[in-house]
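# Inside the fold
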Amino acid sequence: MILTVTMNPAYDMTYRVEHFARGQAHRVSSVEQRLGGKGINVTRVLNQLGRYTRATGFADHAFAAAAELEMPVDFVHALPWVRRTVVISESDTGTATALWEPGARVSNPHAAEQLAVRVAGLLPDIAGLVIAGSLPGGIDAELPARIARTAVAAGVPTICDLDGEAQHLAARVPGVVLISNLVELHRLTDTRPEAPDAVVRAVRPLIAAGVRAVIVTRGALGMVAVTEGRAWSAGLPEPLVGNTTGAGDAATAAVISALSATAEPDWPALLTDAVATSAAAVVIPVAGEIDRRLRDHLAPTVRIAELAAI
């Protein structure tokens, strides 16, 4: 089993319009609402990949009850309400505009401890752990790192896909795998790398400090993976246009699927699958879903290049 942790879940709202223009009224062709949050999206993609997954984190009673109808869940009921995210999807260009609410504040002083204990109790039964997304108000930024440290010590492959102070603290956990986009990488390393070699230089200090691997998602430019002593870049010959809001979560699902299957993964193969799975999410207008047939079609076309271990 793979466990995902979503501390700040959301109701994902997708509004479809022909073309979106600022300052104008729009006729919405369709509206879709689904349960979301980065860990929830990872859970959905893992289920599509045939991996048994359970979701935990913080929620209110209504969100937890709705999630239980769709997937195995074990939430701590600590939120007074669950935020919404809004994606405006344009049919004429395939692009998307996203608005993220900050979310509610956790008022239960024991919520963090309850979640940490809940995850620790599940560790003997899980093969991989993903801690992803933002934190609600009232939760210390150290909590994801605390949970990750316990999981790594128990021999569970652990991915952290975070931002800000939570990401900085998670980067100090020896053995953890970090997934970051370029904006998050800038905040983590205080650098603005663009070329793959520059990405490698930026994350090398993290590897030297004990991080197992860093995977940097670069949008249409593909991905870079850095481990101790080796690094690779990967991408498609031609990038796909569409809704990128769930692409990083799809990549995370592919990475934890590989890490949980073997102690020593084939990193080029892992990266190939992550690129193909991420691209297969771009063509879907909602996050947390992939086109499995497209994923299989794209995988042989992914270009892998080994980079100098700077």
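Our subject is the structure listed above.
The present account deals with the structure reproduced in this document. Everything numeric in this text was worked out from a predicted model, so none of it was measured.

Next up on the list: the sheet that holds strand β14 (residues 303-307). Read from one edge of the open sheet, 10 strands run β5-β4-β1-β8-β9-β10-β11-β12-β13-β14, paired in mixed fashion. Each end of this open sheet is capped by a strand with a single partner; those strands are β5 (73-77) and β14. Between one strand axis and the next, the sheet turns by 15° as a mean value, whatever way the strands run. When strand β11 (residues 213-217) meets strand β12 (residues 223-227), the two strands line up antiparallel, connected through five bridges. In the strand pairing of β12, Ile 215 is matched with Ala 225. Seen against the sheet, helix α2 (residues 61-68) touches β4 (53-59) and β5 and runs at an angle of roughly 180° to β5. Against the sheet, helix α8 (residues 247-259) touches β1 (2-6), β8 (128-132), β9 (158-161), β10 (177-181), β11 and β12, its axis set at about 165° to β9.

Before going further, it helps to examine helix α7 (residues 196-208). Compared with the 18 Å implied by 1.5 Å per residue over 13 residues, the 18 Å span of α7 between its first and last C-alpha is a close match. At Ala 202, α7 shows its largest bend, some 35°, and a proline, Pro 205, comes one to four positions later. Turning to α7, its buried residues are Ala 198, Val 199, Val 200, Ala 202, Val 203, Arg 204, Leu 206 and Ile 207. Elements in contact with the buried residues of α7: β10, α6 (182-189), β11, β12, β13 (230-235) and β14. A positive backbone phi angle near 125° is found at Gly 210, which sits one or two residues after α7.

Strand order in this open sheet of four strands is β3-β2-β6-β7, and the pairing throughout is mixed. At either margin of the open sheet sits one strand with a lone partner, and together these are β3 (30-36) and β7 (96-100). If you compare each strand with its neighbour and ignore which way they point, the axes differ by 20° on average. As paired strands, strand β2 (residues 10-17) and strand β6 (residues 83-90) are joined by eight bridges and run parallel to one another.

Across five bridges, the pairing between β6 and β7 is antiparallel. Note that in β7 the partner of Ser 89 across the bridge is Ala 96.

What counts as what
Residues numbered from 1 in each chain as written. Predicted model: local features only at pLDDT ≥ 70, side-chain atom pairs only at ≥ 80, totals over all residues. Heavy atoms only, no water. Pairing = 2+ DSSP bridges. Helix = DSSP H or I, 4+ residues; strand = E, 2+ residues; numbered from the N terminus. Axes fitted to C-alpha atoms, helices over the stretch in contact; angles between N-to-C directions. Contact = heavy atoms within 4.5 Å. Expected span 1.5 Å × (residues − 1). Bend = angle between axes of the 7 residues up to and from the residue. Buried < 20%, exposed > 50% of the residue type's maximum accessible area, 1.4 Å probe, protein only.

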